[in-house]
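# Close look at the chain arrangement
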Amino acid sequence: MNANSKPSEAMNSTTDFRGKNAPAEPIYLDYQATTPTDPRVVDAMLPYFTQKFGNPHSRNHAHGWDAEAAVENARRQVASIIKADEREVVFTSGATESNNLAIKGVMRFHKDRRNHMITLVTEHKCVLDSARHLEMEGVDVTYLPVQQNGLVDLAVLKAAITDKTALVSIMAVNNEIGVIQPLAEIGKICRERGVHFHTDAAQAVGKIPLDVNAMNIDLMSISGHKVYGPKGIGALYVRRKPRVRLEALIHGGGQERGLRSGTLPTPLCVGLGEACAIAEREMAAEAERLRYLRDRLLKGISDALPETYVNGDLEQRIPGNLNISFAYVEGEGLMMGIKNLAVSSGSACTSASREPSYVLRALGVEEELAHTSLRFGFGRFTTEQDIDIAVENVVSAVRRLRSMSPLWEMAQEGIDIKSIKWAEH
Amino acid sequence: MTYSAKLIDHYENPRNVGALDKGDPTVGTGLVGAPACGDVMKLQIKVGRDGVIEDAKFKTFGCGSAIASSSLATEWIKGKSIDEAETIKNTDIAQQLSLPPVKIHCSVLAEDAIKAAIRDYREKNGQAAAPAAEAAAR
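Parameters at a glance
Residues numbered from 1 in each chain as written. Chains lettered and ligands numbered in written order. Predicted model: local features only at pLDDT ≥ 70, side-chain atom pairs only at ≥ 80, totals over all residues. Heavy atoms only, no water. Contact = heavy atoms within 4.5 Å. Buried area = accessible area lost by both parts, 1.4 Å probe. Salt bridge = Lys/Arg side-chain N within 4 Å of Asp/Glu carboxyl O. Disulfide = S-S within 2.5 Å. Buried < 20%, exposed > 50% of the residue type's maximum accessible area, 1.4 Å probe, protein only. Axes fitted to C-alpha atoms, helices over the stretch in contact; angles between N-to-C directions. Helix = DSSP H or I, 4+ residues; strand = E, 2+ residues; numbered from the N terminus. Parallel < 35°, antiparallel > 145°, perpendicular 65-115°, else oblique. Left-handed = near helix turned anticlockwise from the far one by under 90°. Nonpolar A, V, L, I, M, F, W, Y, C, P; charged D, E, K, R; others polar. pLDDT = per-residue confidence, 0-100. Arc of directions from axis to C-beta.

### Here's the deal with the interface of chain B and chain A
At the junction of the two partners, chain B supplies 32 residues and chain A supplies 32 residues. For the chain B and chain A pair, buried surface summed over both sides reaches about 2,700 Å², with 63% attributable to carbon and sulfur atoms. On the chain B side of the contact with chain A, Tyr11, Pro35 and Phe61 of chain B bury the most area, a combined 25% of that side's loss. Close ionic contact of Lys42 of chain B with Glu409 of chain A constitutes a salt bridge, the shortest N to O distance being 2.5 Å.

The structure is reproduced here in C-alpha cells:
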C-alpha cells in the first residue's frame, strides 16, 4: 500500500504535500499504521544531516556541541508533551524497542524477587511477544482479558496483582480500535501496590493529554512515526523519582545513562522533538477537528447502511480512529472495492492462519463479524472532502458486495446463518 | 498484494451473479465454506434434459480472489454437461486467475462449490453420483 508522503512532494508544497497532481494515489486513511512526516519536522531535521552533522557525544569540538545541544533540546520537547523531566527520556529506535526495553529490562532486573507481570490480551504484538519471551526465561505472565468495549476491568486488574508482581504493562491507546485505557486509575492501583506501571503510548502521544506524574506512569513508550515524526526513532520515559531500575538490552558506549548505548541519530532525535512540540501546540484544536470528521464518517456510513457495528468504545477513544464491521461483507473483498482508499482490515484472509484480528476476538466480536471489519485512521492531513469521498466509496462498495453475498441474501430471507452447519475448512 | 488483470476483471465485473429457484427440480445448489473462515460460496446450476448446464449463478462472501474464482467457475460450467463440469480442477481456476499461493484455497472452494451443486442436482433427480466424482470430492 502506498503512503502519501513522498519526500520530494513534502518539500515542494506546504499546503497539500500529498500532491494535487497525483490523483492516482489512494486517500490515506491508515494513520494508526503510520503518519506522514510533517514538512515542518523535515525542515527542522535537514540541517542535522549536512552542516550540523556532528556526533552528539563528541566533547572536543563545536560540531559535537551543536549536535548535543540539538539532541538535548529535542529531549526537552519530548519530555514536555508527557509532563516529564528531560532526564527521564531515553531515545530508542522506536516504540518496539521501547516496549522491549521497558518490559524485559524491568523484569530481568526484578525477577529474582518478583517474577510476575501483567498485561492485556489486546496489546501490540511487540508487548505480547516480549512477554512470551520472558515466559521462556521463567517469568510468570498474566494476560488479562478486556471488556466488550475494549477496556480493562479495573477490579480484574486489582485482583490479578500479587506480592510477586513487578510490572503492569497496559497500552494507552489500542492500535486497532483506538480505545483509551483508564491510565490514571491503573496508575493509582499500581502505585498503591508498589508495582511498576508501563504504558505503550505509541498511539496516544500527541492525540490525548498525558501526564506521567498525575497518572503515576513509571515507564512510557513513544514512537516518532505515529506522531508525524520520522520512522526509526522513539523514546522510553523512565521515572527517576521513585527511581525505576531496569537492565539495558543494548550495551556499548554507555550513552543514554547506560540504558541504550549507541550514537544518537541527531536528525531523527530533532525530528521526534519537533513532532512532539507541534503536537503539543496543536493537539486540542486538532482533536476537535478530527472528532468532527469522525462523526461525519460514522454518520455517513451508518445512515446509508444497516447492520454496521463500531468495534470498541466510542467515547473512550481517540478521535482519529473508527473500526467498523460491515456485516455480510468480507473485509479484504471490501478493501479491493475501495481501492482509492488506503485502509486496513481486521480480516486476515492472506495470512497462513486465516484467523481474524485477535483484538476484535478479544472484545467478543464473533469471527464472522471480525472478518468484515475495516479500520479507518485519519489525522492531520485528512480533509472533509477525503471523508466524503470515503463515505461515498464505502457505501457503494458495501451495497454492491452485499447484493452478491449469500449471507446477506440469507439474512434478508430470515435465515439465521448460525442455524446452518458450515463445513470448517 | 498484486492481482492479475483477469482476476480484477472478474471481481469488478463478476459474471452470473444472482440466484436460481432452489425449489426447482432442475436446479442444483451448492453452499460451501464458512462465515467464520471468511468465505462462503453459493453456486447454482440449472440443468437441461440433455444433462447440459443451461444456466449458472453464484453469490460469494469473501475476498476478491474468492469472488473471481466463483465468477470464473460459473462462466466455465455454462454450456458444459454436468459430467464435464465435474472435471474442472481447482488448479485450472488458480492458473487462469494467477492466484497467489495464499489464495489457492479460494479456487479449492470454487471446485467444491461446482461439485456440491452437481451433487444436489443428482440427489434431487435420483441419480447416483458417478463414483469417480464422489472420490474426487473428498
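There is more to say, and it comes next.
### Points about the state of the cysteines
All names here are of chain B. With the rule as written, the count across this model stands at zero disulfides over all chains. The thiol of Cys63 is unpaired, and the distance to the nearest cysteine sulfur, on Cys106, comes to 3.7 Å. Its relative accessible area of 1% is what places Cys63 among the buried residues.

### Regarding the packing of helix 4 (residues 95-110) of chain A against helix 5 (residues 125-136) of chain A
Residues and elements named next belong to chain A. Running from N to C, helix 4 and helix 5 cross one another at 30°; their axes reach a closest spacing of 9 Å. It follows from the interaxial angle that helix 4 and helix 5 lie roughly parallel. Remark: the crossing between helix 4 and helix 5 carries right-handed chirality. On the side of helix 4, the interface is formed by Thr96, Asn99, Asn100, Ile103, Lys104, Met107 and Arg108, while helix 5 contributes Cys126, Val127, Ser130, His133 and Leu134. Residue composition of the contact of helix 4 with helix 5, by class: five nonpolar, five polar and two charged.

### Observations regarding the pattern of salt bridges
Residue and element names in this part refer to chain A. Scanning the model with the defined rule gives 35 salt bridges over all chains in all. A salt bridge links Asp30 to Arg375; its shortest N-O distance comes to 2.9 Å. Of this pair, Asp30 sits in the loop between strand 1 (27-28) and helix 2 (39-45) while Arg375 sits in strand 13 (residues 373-377); the two residues are 345 residues apart in sequence, bridging distant segments of the chain. Like Asp30, the residue Arg375 is buried in the burial classification. Put simply, Arg361 and Glu367 hold a salt bridge, and the shortest N to O gap is 3.9 Å. Via salt bridges that share partners, Asp38, Arg40, Glu282 and Arg380 belong to a single interconnected network.

### Here's the deal with the confidence of the model for chain B
Looking at chain B, pLDDT values average 91 and 91% of them are 70 or higher. Below a pLDDT of 50 lies the segment residues 131-138 of chain B, which in the model reaches six contacts outside its immediate sequence neighbourhood of four places, other chains included.

### Quick notes on helix 1 (residues 5-12) of chain B
Leu7, His10 and Tyr11 of chain B are the residues of helix 1 of chain B that are buried. Summarising the axial view, the buried residues of helix 1 of chain B lie within an arc of 100°, below the 170-degree limit, and thus occupy one face. For helix 1 of chain B, the secondary structure elements touched by its buried residues are helix 9 (331-337) and helix 12 (384-403) of chain A together with helix 2 (64-77) and helix 4 (90-97) of chain B.

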